[in-house]
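Tertiary structure, described
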Amino acid sequence: MSFGETPVTIIGNLTADPELKYTTGGQALARFTVASTPRTFDREANQWKDGTSTFFRCATWRALAEHVAESLTKGSRVVLSGRIRQHNWQTEQGENRSMLAVEVDEIGASLRFTTVTIEGKRTNGTAPADDPWNTAGNPAKTDEEPPF
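In this numbering scheme, every chain counts its residues from 1 along its sequence in written order. Totals for whole chains, interfaces and linings use all residues, but because this is a predicted model, local features are given only for residues with pLDDT of at least 70 and pairs of side-chain atoms are given and counted only at 80 or more. Side-chain figures throughout are based on the complete set of non-hydrogen atoms in the structure, without hydrogens or water.

Here's the deal with unusual backbone geometry
- Positive phi, close to 55 degrees, is recorded for Asn 46, a residue that is not glycine.
- Structurally, Asn 46 is set in the loop between strand S4 (39-42) and strand S5 (47-50). Helix numbering and strand numbering both begin at the N terminus, where a helix is a DSSP run of H or I of at least 4 residues and a strand a DSSP run of E of at least 2.

Considering the pairing of strand S1 (residues 6-14)
- At least two DSSP bridges between two strands are required for those strands to pair. As paired strands, S1 and strand S7 (residues 77-90) are joined by eight bridges and run antiparallel to one another. Across the sheet, residue Pro 7 finds its bridge partner in S7, namely Arg 83.
- Two strands pair when backbone bridges link them, and S1 and strand S3 (residues 28-36) are joined in this way by two bridges, in the antiparallel orientation. The residue of S3 that forms the bridge with Leu 14 is Val 34.

A look at the pattern of salt bridges
- A carboxyl oxygen of Asp or Glu within 4 Å of a side-chain nitrogen of Lys or Arg is what we treat as a salt bridge. Scanning the entire structure with this criterion turns up nine salt bridges.
- Linking Glu 95 and Arg 97 is a salt bridge whose minimum nitrogen-to-oxygen distance equals 2.8 Å.
- Assessed through its relative accessible area of 39%, Glu 95 is described here as partly exposed.
- Exposure categories follow from relative accessible area, calculated using a 1.4 Å probe and restricted to protein chains: below 20% of the type maximum is buried, above 50% is exposed, and the middle band is partly exposed. The exposure class assigned to Arg 97 is partly exposed, which follows from its relative accessible area of 42%.
- Several salt bridges converge on common partners, so that one network encompasses Glu 5, Arg 83, Arg 85, Glu 103 and Asp 105.

Quick word on the side chain of Thr 33
- Tracing the backbone shows Thr 33 in strand S3.
- Given a relative accessible area of 16%, Thr 33 falls into the buried group.
- In the analysis that follows, any N or O atom pair within 3.5 Å is treated as a polar contact, provided that within protein one partner can donate a hydrogen and the other can accept it, and provided that, for residues neighboring in sequence, both atoms belong to side chains. There is a polar contact of 3.1 Å between the side chain of Thr 33 and the side chain of Arg 57.
- Contacts are assigned to residue pairs with any non-hydrogen atoms lying within 4.5 Å of each other. With residues up to four places along the chain from it excluded, the contact list for Thr 33 reads Asn 13, Leu 14, Thr 15, Phe 55, Phe 56 and Arg 57.

Some points on the side chain of Glu 5
- Relative to the helices and strands, Glu 5 resides in the segment before S1.
- Residue class for Glu 5 comes out buried when judged on its relative accessible area of 18%.
- A polar side-chain atom of Glu 5 sits 3.3 Å from a polar atom in the side chain of Arg 83.
- A polar contact is formed between the side chain of Glu 5 and the side chain of Arg 85, at a distance of 2.8 Å.

Considering the pairing of strand S2 (residues 19-22)
- Sheet topology note: the S2/S3 ladder contains four bridges and is antiparallel. Its bridge partner being in S3, Lys 21 is matched across the sheet by Leu 29.

Quick word on the nonpolar core
- Working definition of a nonpolar core: buried Ala, Val, Leu, Ile, Met, Phe, Trp, Tyr and Cys residues. They are joined through side-chain atoms within 4.5 Å. In terms of nonpolar packing, the biggest core is built from 16 residues, with Phe 32, Val 34, Leu 80 and Ile 107 touching the most fellow members.
- Elements with a minimum of two residues in this core: S1, S3, helix H1 (62-71), S7 and strand S8 (96-109).
- The element that contributes the greatest number of residues to this core is S3, accounting for four residues.
- What Leu 80 contacts, discounting residues up to four positions off in sequence, is Val 8, Thr 9, Ile 10, Phe 32, Val 34, Cys 58, Val 102, Val 104, Glu 106 and Ile 107.

Below, the structure is given as structure tokens:
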């Protein structure tokens, strides 16, 4: 993340299936909207009440975009982190327009109300040789306590 960027973490639900497109250069782009709705318990009415929803337009690129499109659907509850970006443009009538959107760096399913099965590069508990987190060539000493 660069200096001066505005980081955000959002928890909410997808309002529709992600839209996956490819740029003319072949880069994957997934666009989707996340709705976040505060919920409070009204003791007098003895029930939960929803507040006003906030909608966040989101975009992500490359492999993450493909993973989002393959894994998430309308209604999926997600936790995401990213950066707020402002987009400016001019309409055909010459009017200046702008909007805020979230450029997503990380996203995953929220496990608060559901379970998921993780699939990926790692198989049988081993990491591929090109994985930068692969510690097979430098195993931890077993006679030391973990640092946490």
